[in-house]
Structure formats: C-alpha cells, structure tokens
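Spelled out, the chains give:
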Amino acid sequence: MNIPLSEQLRPHSLSEMTGQEHILGPEGLIPRIIRGGKPLSLLLWGPPGCGKTTLARLYAKAFDAKFVLFSAVFHGTAELKKLIQETQDRPLFQKQLIVFVDEIHRFNKAQQDLFLPFIENGTLILIGATTENPSFALNNALLSRLRVLPLNHLDT
C-alpha cells in the first residue's frame, strides 16, 4: 500500500509538531487546555498545509477522546446527526466525542446551527478547520462558542 509522504511524516504527538509556537509553546493555549484536562471547542484557521488536521488529531489524542473526522466537502449533516444520536443513545459507553470538521466554512449557516445545542450540552467538542476568514465564513452563534486559533504558514 502506498502511504502518502505527508501521512508518513505526520507527527504522533504534540511535542513532535514544529511551527505554531504561539499556540503550541509551553505557555500556548493548547498545552494550557490539555493541562486543565477539559477540552474546548476550537476553530483552526490557517492556510493549507499548516497542520490543522494533525493538530486536531493530536488534541483529541491528548484527551483520549473518540475522534471523528468529517469533511464538509464530502459529508452532510445527516451523517453528523446519526453520529450525535448514537452518542446520545449510549452515553455510558462513549468516550468524550471530538468531531473534526475540515472545510467547515463550506457548511451553510443553517447547517452550522446543527452544532450549537450539542456543543452547549457537552455531547461533543467541535474542532473546525478553515482557510477562510471565520468572521465571514461562520455564523456568529457558532463562532461565539469556539476558540479561534490562527495558524501560520510553515517556513523551511
């Protein structure tokens, strides 16, 4: 099986990540959240290839949470509703659920509203990833429930 080079080189822990020192350094927000032991919903905003997906995976791993990856390009709200229903039907058998939505800006404003009650009641932790300015791409209700973390281009 041919595994893409990017996947082969992907870090396996936050300490292996390079770049993004402003959020990953010893006093950065991500290590502080992890030390606090309670995951927060996040929006990772940055250019392609800056580590948004890797950061989301490692964040979930730090909390030993169930990590589910969705792409707003390929998945719809029906699949999200099914996942949420399964989680609510069996709460004692579930780890904390962290849902990563890549390209979250592609969901329309009404689709984005789906997340609101489940973020508020703790059913899920949402990590969205976008290359678009969140002030224009996400509705205000959702944006108010996420910590927006700008990620920078990686240099050599």
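Presented here is an overview of the structure given in this document.

Before going further, it helps to examine the packing of aromatic side chains. Scanning the entire structure with this criterion turns up 3 aromatic pairs. Aromatic side chains Tyr59 and Phe63 sit 5.2 Å apart centroid to centroid with 75° between the ring planes, which places their arrangement in the edge-to-face category. Relative accessible area serves as the criterion here: at 1%, Tyr59 is assigned to the buried category. When the centroid spacing of 6.1 Å and the interplanar angle of 25° are considered together, the rings of Phe67 and Phe100 count as stacked. On the criterion of sequence distance, the pair formed by Phe67 in strand 2 (residues 66-71) and Phe100 in strand 3 (residues 97-102) is long-range, its members being 33 residues apart. Owing to a relative accessible area of 25%, Phe67 belongs among the partly exposed residues under this scheme. For Phe100, a relative accessible area of 0% corresponds to the buried category.

Those residues of helix 4 (residues 52-62) not exposed but buried are Lys52, Thr54, Leu55, Ala56, Leu58, Tyr59 and Ala60. If you follow the buried residues of helix 4, they end up packed against helix 2 (21-24), helix 3 (29-36), strand 1 (42-45), strand 2, strand 3 and strand 4 (125-130). Within two residues after helix 4, Asp64 carries a phi angle of roughly 50°, on the positive side.

If you trace the 5 strands from one edge of the open sheet to the other, you get 2-3-4-1-5, paired in parallel fashion. Taken across any chain shown, the strands that pair with only one partner, and hence form the sheet edges, are strand 2 and strand 5 (147-150). Averaged over all pairs of adjacent strands, the angle between their axes in this sheet comes to 20°, without regard to strand direction. With 6 bridges connecting them, strand 2 and strand 3 associate as parallel partners. Bridging across to strand 3, Phe67 finds its partner in Ile98. The strands that helix 4 touches are strand 1, strand 2, strand 3 and strand 4; relative to strand 3, the one it contacts most, it runs at about 175°.

Moving on, we get to the side chain of Ser41. On the secondary structure map, Ser41 appears in the loop between helix 3 and strand 1. Among the polar contacts made by the side chain of Ser41, one reaches the main-chain amide nitrogen of Leu126 at a distance of 3.0 Å. Sequence-distant contacts of Ser41, that is, excluding residues within four places in its chain, are made with Ile119, Ile125, Leu126, Arg145, Leu146 and Arg147.

Procedures and definitions
Residues numbered from 1 in each chain as written. Predicted model: local features only at pLDDT ≥ 70, side-chain atom pairs only at ≥ 80, totals over all residues. Heavy atoms only, no water. Phe/Tyr/Trp six-rings, centres within 6.5 Å; stacked < 30°, edge-to-face > 60°. Buried < 20%, exposed > 50% of the residue type's maximum accessible area, 1.4 Å probe, protein only. Helix = DSSP H or I, 4+ residues; strand = E, 2+ residues; numbered from the N terminus. Contact = heavy atoms within 4.5 Å. Pairing = 2+ DSSP bridges. Axes fitted to C-alpha atoms, helices over the stretch in contact; angles between N-to-C directions. Polar contact = N/O pair within 3.5 Å; in protein donor to acceptor, adjacent residues only side chain to side chain.

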